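Listed here are the chains, written in short residue letters.
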Amino acid sequence: MIRDSDRQKVFQSRLFLLVIFQAVLFTVLLCRLYYLQVMQASKYQRLADKNRISTRLIPPVRGLIYDRYGRQIAVNMQNFRVSVIAEQTSGRLLQTLQTLGQLIVLSDADIQRVLIDAKRHKSFLPIMIKENLTWEEMALVQLNAPDLPGVFVEEDLSRQYPYMDILAHVMGYVSFVSENDLRGKSDAVLEIPGFKIGKSGLEAFYEKALRGIAGTRNLEVNVVGRVVREIDAQDGLRGEDLHLTIDLDLQKHIIELMGTHTGSAVVMDIETGDILAMVSAPSFDPNLFTQGILVDDWNALLTDEKAPLNNKVISGQYSPGSTFKMIVALAALESKAVTRDEKVTCHGSISFTRGSRPLHCWKRAGHGPIAMKEAIEESCDIYFYEIARRTGVDKITEMARRFGVGEPTGIDLLGERSGLLPTRRWKEFFYQSPWMQGDTINIGIGQGYLLMTPLQLTVMTARIANFGKAIKPHLLKKRGGESVVYPEPEQISVSKSDFKLMHDAMYGVVNHVKGTAYNSRTVVRGKRVAGKTGTTQVRTISMQEREAGLIKQEDLPWRLRDHALFTGFAPAENPKYAITVVIEHGGGAATIAAPVATSIMTEVLLKYPERDKTEVLP
Amino acid sequence: MTLRSRISSRRSSSDMTFIDKLSRVSWGYVFIILLLAAIGFTVLFSASNSSMDPYVSRQIPRFLVGLAVMFVVMMVDIRFLMKFAFPVYFSALILLVAVHFFGQTGMGAQRWLNLKFFLLQPSELMRIALPLVLARIFHSASLSDSKSSLFLIFPACLIAAPLFLVLKQPDLGTALLMVFSSAVIFFMAGVQIWKFALVGISGLLSLPIVWHFLHDYQKNRVLTFLDPERDPLGAGYHIIQSKITLGSGGVFGKGFLKGTQSHLNFLPEKHTDFIFTVLAEEWGMMGSVCLLALYVLLIAYGLWIATRTTHYFGRFLAVGLTMNIFFYVFINISMVMGLVPVVGVPLPLISYGGTSLVTLMLTFGLLQNVWIHRDVPIGRKNPYDDFI
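What you see is a predicted model; the values in this text were computed from it and never measured.

1. Focus on the overall build of chain B
- A count of helices and strands for chain B gives 18 helices and 3 strands.
- Within chain B, the proportion of its 388 residues that are buried is 55%.
- In chain B, the proportion of contacts linking residues at least 24 apart, taken out of those at least 6 apart, comes to 72%.
- When the accessible surface of chain B is split by element, carbon and sulfur atoms take 71% of a total near 16,200 Å².

Below you can see the structure in the form of structure tokens.
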């Protein structure tokens, strides 16, 4: 029938269309399949791995720190921690904790905390019960393991400083990672809970070397994060051990000698730059920090007006006072403003410009006519006012710069201050006023705007003592088993005879009758100490206080009494070591700082016999 | 073929014995079904983390029941089916209404009737009943009827009623598939194409209104489809993980039982809607293409049946049911690959699920039935008439 064949035709043609339609759609499917499984395969493989692989870090063992003679001063102690996995306690978490409480000391608060944590977290995650178990407690837990399902002991390492406050400032301490520490750093190790990093001192300066590299474990996890198996593990790298130049015995001795004084002392080898001792008093116990310091302890340390947390050796900035006179002398000699034998008359006071207030010498009666060597020995201020005026500030500051004044010494510690070496341009910029002659004269006796740290003073003295080698100080002898090589120091261009004159003068300060430190003289196996005293008016570290101008002595409260300084070297004839001692509010340097310094040097001379060029200290 | 030769080659049903019918069964078709089922069990086994329980051990008996159903349906006289097309349809419709009032809610939809022994999903029944009744109508109609809009009103209503009820459940996926399968039958019956265009355009225009009526989760699904990353841990998780699973299979797959995504539970719904991804992850593109090839064979067979059948009832039924299968395959795989929004549509013979399995086997039974009875003359008005 016609209709039928029409119908037939329609059916056939439409079936054909239908087949085409399906073919197109299937092709779309195939294309998409190809796209996903071939073209994007690696991307999805990566995402699939990201899903299932969880990388855990194994914290590295921190490097140890040793003193000069191989004594361990920063160690890693075992810290036993007991934890529990809730789902392994067969639903009897509370009973298990109570059983544990019979073996070790467990407070109700601890148990409550564990129960709360257990509810909050997934049941297969470990919850810490208690840290710092004693060996006995740990053993008890292990022995009773069958009665404590789900409980297990982990060993952690925590830092300890067996010598406590003796090397606190040099060593620093480690403590928990803070928000500040994380800023800008992407190291995943820092995210490990409970990880500690160096916060101050050498622990902070050499953090990277001491830390080592974390190992990794790749774990396969399912969608809820439960570990299914370990895929592989990579060992990390133990941190580097550090061997310091510090002598622990000398350090202890100095602390004893410092007693209740507030201040600092530093002893340095003038040939190598090794720091044998660096003491800042009062000190603190760095062990307080390693497990997280208590708020009360922290506040006590912060508010203590003697600033125990400060390393005064590198961050205490003082006017050097008379200890600066050698620099002035050298500058004057070089610029020929004065000759070594030329005498200047000290009447006890002087007025440089008509009508201005007279400046005094510490010896009110005056020294009479005096030449350079005696001027240093007896610390005549008038002499130095005069030659400073003659030499001019520019030459003095230029000379000072050669000896490291106004620059950080580059010691391997954080927080070193650079002191202040004032220049014309500096004053014009900072104070918007021109340099005055009065400023120059003040520099002459090491006052005025001048600021130095005890370490800078030591470096200055060392460079005088070693005839002008621009030595730099350091604390590290060996690192990771290898000795550290330091570059050869450059030579300062000052004549050897000028240096000799300084040596002689400084010898006289301590060993001649009229020397300001005569009462502190000492002889060890025929060897003597040379040096220079300094008494300085107190300056606070901040610059703002300078704007108020010089403060009159009489107006000062007792805590702003003068500081006592001494800087020197020994043996005087064949110098090896330099020392600086600063006693804050010590009053007269000769009576306080000098004796401490010479006692320290006695110890040094006793311990370290004279060495010829070939002998090296152990 | 002339009318004469047609009549001489035909056999009436009373001529066909049981054995006759058996001999006319397309065993190739059965083989493909068995193969697909076997693949299904294998993939399900892997998706259950190498365990028979609980999915494989339940799927196998259901499949066997399905096989039995298939054979029963195959053997029934096709004219019997045609005669009962309307009753079956209306029963299904009543059940759908029943679900609306007494239905059990599960997964946010009211789809099931609890019959103590098993859960009955009337929408599944309607999947069979609707093509059946439409094929019946268009078998009796002529081409000019198909071109008459007036004539089309009645079949359209037959579609609209269950459509409305299913949409209310709400079961957007099944509703859409109903519309597509029915549209195919309309198409094959000769309805003018411009009418389809009209419906299509008005459908598009009504989208904003439809959007308004969508449930939040449905809206979510569409939005997530357009940008899975917008809710990567929530609604977008399925699709993102599905793509990761698929893609990471690569060309050769990760190996049987070695699919990390599925075994570590990163892929949700891996036994049901997303089962294809498990296969794709473990057998790679090679395996996926093989599976697709099997489905293509299955569908081609169905359409071949349609061409070789002498009566229009069989033809329409065959095309309608085959396209039904096609749409299920296409939409499931597209969904899994992120080409269409997530609608809960199972993959035939592979996904875990009892009701859809039985319905499928019913479908296969019907298709075999058409094939067996392809030469049986069915009258226009009365099925049992021996002339066309």
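2. Things to note about the overall build of chain A
- Summing up its helical and strand segments, chain A has 22 helices and 23 strands in all.
- Among the 618 residues that make up chain A, the fraction classed as buried is 51%.
- The contacts in chain A between residues at least 6 apart in sequence include a share of 73% that link residues at least 24 apart.
- If you sum the accessible surface of chain A, you get close to 29,000 Å²; carbon and sulfur atoms cover 53% of it.

3. Re the environment of Pro348(B)
All names here are of chain B.
- Within the element layout of this structure, Pro348 appears in the loop between helix H17 (312–336) and helix H18 (354–372).
- Among the residues examined, Pro348 registers a relative accessible area of 5% and is labelled buried.
- Measuring from C-alpha to C-alpha, the distance between Pro348 and Leu360 comes to 7.1 Å, with 12 residues separating the pair along the chain.
- Once you skip the residues sitting within four places of it in the chain, Pro348 turns out to touch Tyr295, Ile325, Tyr328, Val329 and Leu360.

4. With respect to the sheet that holds strand S8 (residues 215–221) of chain A
All names here are of chain A.
- With antiparallel pairing, the 3 strands of this open sheet are ordered in space as S1-S8-S9. Edge positions in the sheet fall to strand S1 (53–58) and strand S9 (227–234), since each has one partner strand and no second. Along the sheet, successive strands turn relative to each other by an average axial angle of 25 degrees, direction set aside.
- As judged from the 6 bridges shared by S1 and S8, these two strands associate in the antiparallel manner. Opposite Leu57, over in S8, you have Thr216 as the bridge partner.
- With respect to the sheet, helix H2 (residues 41–52) is in contact with S1, S8 and S9, its orientation differing from that of S1 by roughly 55 degrees.

5. Remarks on the interface of chain B and chain A
- Opposite the 56 residues of chain B that make contact, chain A presents 38 residues.
- In this assembly, chain B and chain A are joined by 0 salt bridges.
- Our enumeration of links across chain B and chain A arrives at 12 residue pairs in polar contact (both at pLDDT 80 or more).
- Sorting the residues of the side of chain B that touches chain A by element identifies helix H7 (122–140), helix H10 (172–189), helix H11 (193–205), helix H14 (235–249), helix H15 (260–263), helix H16 (275–308) and H17 of chain B as the ones contributing at least two each.
- When residues in the side of chain B that touches chain A are grouped by element, the largest group, 12 residues, is from H16(B).
- For the side of chain B that touches chain A, the class distribution of residues is 35 nonpolar, 17 polar and 4 charged.

6. Some thoughts on the pattern of salt bridges
- Scanning all chains against the criterion turns up 35 salt bridges over all chains.
- Measuring nitrogen to oxygen at the nearest pair gives 2.9 Å for the salt bridge that ties Arg390(A) to Glu386(A). Taken together, the residues span about one helical turn, with Arg390(A) and Glu386(A) both in helix H16 (residues 381–391) at a distance of 4 residues.
- With a relative accessible area of 33%, Arg390(A) lands in the partly exposed category.
- Of the charged contacts in the structure, one is a salt bridge between Asp77(B) and Arg79(B), with a shortest N-O distance of 3.3 Å.
- Classification of Asp77(B) as buried rests on a relative accessible area of 16%.
- Residues participating in the shared-partner salt-bridge network are Arg62(A), Arg159(A), Glu203(A), Glu207(A) and Arg211(A).

7. A look at the packing of aromatic side chains
- Enumeration according to the criterion identifies 37 aromatic pairs over all chains in this entry.
- Taking the centre distance of 5.8 Å and the plane angle of 80 degrees together, the rings of Tyr29(B) and Phe364(B) count as edge-to-face. Linking Tyr29(B) in helix H3 (residues 27–47) with Phe364(B) in helix H18, this pair joins segments that are 335 residues apart in sequence.
- By relative accessible area, Tyr29(B) is classed as buried at 1%.
- According to the relative accessible area criterion, Phe364(B) is buried, its value standing at 0%.
- Taken together, Phe11(A), Phe138(B), Phe151(B), Phe186(B), Tyr312(B) and Phe316(B) form an aromatic cluster joined through their ring pairs.
- Across from the ring centre of Phe11(A), 4.9 Å away, lies the NZ or CZ of Arg315(B), which sits over that ring.

8. Thoughts on a nonpolar patch on the surface
Residue and element names in this part refer to chain B.
- Side chains of Leu167, Leu172, Leu176, Val179 and Phe180 sit close together on the surface and give an oily, nonpolar patch of about 350 Å² of accessible area.
- Looking at the nonpolar patch element by element, the count peaks at 4 residues for H10.
- Looking at the secondary structure, you find Leu172 in helix H10.
- Residue Leu172 is classed as partly exposed on the basis of its relative accessible area of 30%.

9. Some points on the confidence of the model for chain A
Residues and elements named next belong to chain A.
- A residue-level look at chain A finds 92% of positions with pLDDT of 70 or above and a mean pLDDT of 85.
- At the level of individual helices and strands, chain A shows its lowest average pLDDT in helix H7 (residues 179–182), which scores 74, and its highest in helix H20 (residues 454–465), which scores 96.
- Under a pLDDT of 50 for its full length, residues 540–547 has, in the predicted model, 16 contacts with residues more than four places off or in other chains.
- Below pLDDT 50 for its whole length, residues 611–618 participates in 12 contacts with residues either more than four positions away or in separate chains.

10. Quick word on the sheet that holds strand S21 (residues 530–536) of chain A
Residue and element names in this part refer to chain A.
- Spatial strand order, S12-S11-S23-S22-S21: 5 strands in an open sheet with antiparallel pairing. A single partner strand is all that each edge strand has here, and the edge strands are strand S12 (275–281) and S21. Going from strand to strand, the sheet's axes swing by 5 degrees on average, the running direction of each strand aside.
- With 6 bridges joining them, strand S11 (residues 263–269) and S12 adopt antiparallel strand pairing. Looking across to S12, one finds that Met268 is bridged to Ile275.
- Contacting S11, S12 and strand S23 (577–583), helix H10 (residues 248–258) crosses the sheet at an angle of about 30 degrees to S12.

11. Let's talk about the packing of H7(B) against H10(B)
Residues and elements named next belong to chain B.
- Running from N to C, H7 and H10 cross one another at 15 degrees; their axes reach a closest spacing of 10 Å. The angle between the axes of H7 and H10 places the two elements in the roughly parallel class. Where H7 crosses over H10, the two elements pack in a sense that is right-handed. Within the contact between the two elements, H7 uses Ser123, Met126, Leu130, Pro131, Leu134 and Phe138 and H10 uses Thr174, Met178, Ser182, Ile185, Phe186 and Ala189.

12. Topic: the packing of H3(B) against H16(B)
Residue and element names in this part refer to chain B.
- Remark: H3 packs on H16, axes separated minimally by 11 Å, with the N-to-C direction vectors making an angle of 165 degrees. Considering their axes alone, H3 and H16 lie roughly antiparallel with respect to each other. Where H3 crosses over H16, the handedness of that crossing is left-handed. Listed contacts from H16 to Gly28, Tyr29, Ile32, Ile33, Leu35, Leu36, Ile39, Val43, Leu44, Ser46 and Ala47 of H3 are Ile275, Val278, Leu279, Glu282, Leu291, Leu294, Tyr295, Leu297, Leu298, Tyr301 and Gly302.
- Of the residues in the contact of H3 with H16, the class split is 18 nonpolar, 3 polar and 1 charged.

13. Focus on the side chain of Thr391(A)
Residue and element names in this part refer to chain A.
- For Thr391, the position within the fold is in helix H16.
- At 2.6 Å, the side chain of Thr391 forms a polar contact with the backbone oxygen of Ile387.
- Apart from residues no more than four positions distant in its own chain, Thr391 is found in contact with Ala331, Ala332, Ser335, Ala337 and Ile396.

14. A look at unusual backbone geometry
All names here are of chain A.
- Cis geometry is adopted by the peptide bond preceding Pro282, which originates at Ala281 and carries an omega value of -5 degrees.
- Mapped onto the elements, Pro282 comes out in the loop between S12 and helix H11 (287–290).
- For the bond from Ala570 to Pro571, the omega torsion is -15 degrees, close enough to zero to count as cis.
- Along the chain, Pro571 falls in the loop between strand S22 (563–570) and S23.
- At Met164, a position not held by glycine, the phi torsion is positive, near 50 degrees.
- Turning to its location among the elements, Met164 is positioned in the loop between strand S5 (151–160) and helix H6 (168–171).
- For Met164, a relative accessible area of 43% corresponds to the partly exposed category.

Quick notes on the rules
Residues numbered from 1 in each chain as written. Chains lettered and ligands numbered in written order. Predicted model: local features only at pLDDT ≥ 70, side-chain atom pairs only at ≥ 80, totals over all residues. Heavy atoms only, no water. Helix = DSSP H or I, 4+ residues; strand = E, 2+ residues; numbered from the N terminus. Buried < 20%, exposed > 50% of the residue type's maximum accessible area, 1.4 Å probe, protein only. Contact = heavy atoms within 4.5 Å. Areas by Shrake-Rupley, 256 points an atom, 1.4 Å probe, with all protein chains shown as cover. Pairing = 2+ DSSP bridges. Axes fitted to C-alpha atoms, helices over the stretch in contact; angles between N-to-C directions. Salt bridge = Lys/Arg side-chain N within 4 Å of Asp/Glu carboxyl O. Polar contact = N/O pair within 3.5 Å; in protein donor to acceptor, adjacent residues only side chain to side chain. Nonpolar A, V, L, I, M, F, W, Y, C, P; charged D, E, K, R; others polar. Phe/Tyr/Trp six-rings, centres within 6.5 Å; stacked < 30°, edge-to-face > 60°. Lys NZ or Arg CZ within 6 Å of the ring centre and 35° of its normal. Patch = residues over 30% accessible without salt bridge, like charges linked within 9 Å, V, L, I, M, F, W, Y side chains within 5 Å. pLDDT = per-residue confidence, 0-100. Parallel < 35°, antiparallel > 145°, perpendicular 65-115°, else oblique. Left-handed = near helix turned anticlockwise from the far one by under 90°.

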